[in-house]
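Overview (structure and organization)
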Amino acid sequence: TIRILFGLTLCCRYLPIALSSFGYFDISADFAKILFCQLMLLMSFSLMVGFATTFSLIGLLVCARQFDIYVGAQTLGTTVAITLVLGLFLCGAGRRLSADEWLLRRFPDAIWARIISMKLYQVTQKTLRYFYLLIFWLFAATSFGALQYHFLDHLWYEGMTMRIGFQNAFLCDWWPMF
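Residues numbered from 1 in each chain as written. Predicted model: local features only at pLDDT ≥ 70, side-chain atom pairs only at ≥ 80, totals over all residues. Heavy atoms only, no water.

Attention now moves to the nonpolar core. Counting 25 residues, the largest nonpolar core has Phe6, Met40, Leu57 and Leu60 as its most contacted members. Of all the secondary structure elements, the ones that give two or more residues to this core are α1 (2-24), α2 (31-49), α3 (53-71), α4 (76-90) and α7 (125-152). In terms of residues, this core owes the most to one element, α2, which gives 7 residues. If we ignore the near neighbours within four places in the chain, the residues touching Leu57 are Leu47, Val85, Leu88, Phe89 and Ala93. (Core = buried A, V, L, I, M, F, W, Y, C linked by side-chain atoms within 4.5 Å. Buried < 20%, exposed > 50% of the residue type's maximum accessible area, 1.4 Å probe, protein only. Helix = DSSP H or I, 4+ residues; strand = E, 2+ residues; numbered from the N terminus. Contact = heavy atoms within 4.5 Å.)

Now the structure itself:
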């Protein structure tokens with residue numbers, strides 16, 4: 001269920017970007033950016049339904065940071081998402097409640113079904129413990145990095161963050177008062 005909810009979250013993130021990419025980018029000059037936006041949405045949807053889950057996870061792992069750089073939308077959320085994608089990949093996501101599982105049950109002898117549903121290695125209880133620990137430490141390092149970033153930001157230690165946040169129309173409904 002983590003895979004499904006995370007895929008749904010990614011679809012909610014990439015759907016508006018993919019839809020607005022046709023109007024935002026020039027089709028003749030920036031067609032690759034438009035295609036990249038559509039690809040990210042496709043990989044997110046594929047992860048959500050569990051179709052070619054391993055390939056979707058590898059694609060998201062490789063492309064997520066590059067996508068943020070490409071469209072100019074770098075966030076801490078992407079770093080956390082990459083950590084979760086790595087965790088899902090290492091733990092063998094897509095074995096249950098997925099289109100991959102259905103394809104393997106429906107067409108057990110079909111080579112194409114095995115290729116689409118391919119898992120790169122067998123996950124055991126012992127390796128799961130190591131993967132959980134690795135993901136925990138990666139998330140802790142990400143959180144510590146975010147904390148350090150805020151401690152070194154002059155707006156935080158001068159007490160200006162609330163003033164700037166309240167003046168932002170995106171963050172505060174009452175911004176004209178400030």
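What follows picks up the thread again.
Inspection of the secondary structure puts Ser56 in helix α3. Note on Ser56: relative accessible area 5%, which makes it buried. One polar contact links Ser56 to Ser46, side chain to side chain, over a distance of 2.7 Å. If we ignore the near neighbours within four places in the chain, the residues touching Ser56 are Met43, Ser46, Leu47 and Phe51. (Polar contact = N/O pair within 3.5 Å; in protein donor to acceptor, adjacent residues only side chain to side chain.)

Its identity is not glycine, yet Ala52 carries a phi of approximately 55 degrees, on the positive side. By the element assignment, Ala52 lies in the loop between α2 and α3. At Leu97, a position not held by glycine, the phi torsion is positive, near 50 degrees. By secondary structure assignment, the location of Leu97 is in the loop between α4 and α5 (99-106).

These values are about where atoms sit, not about what they do.
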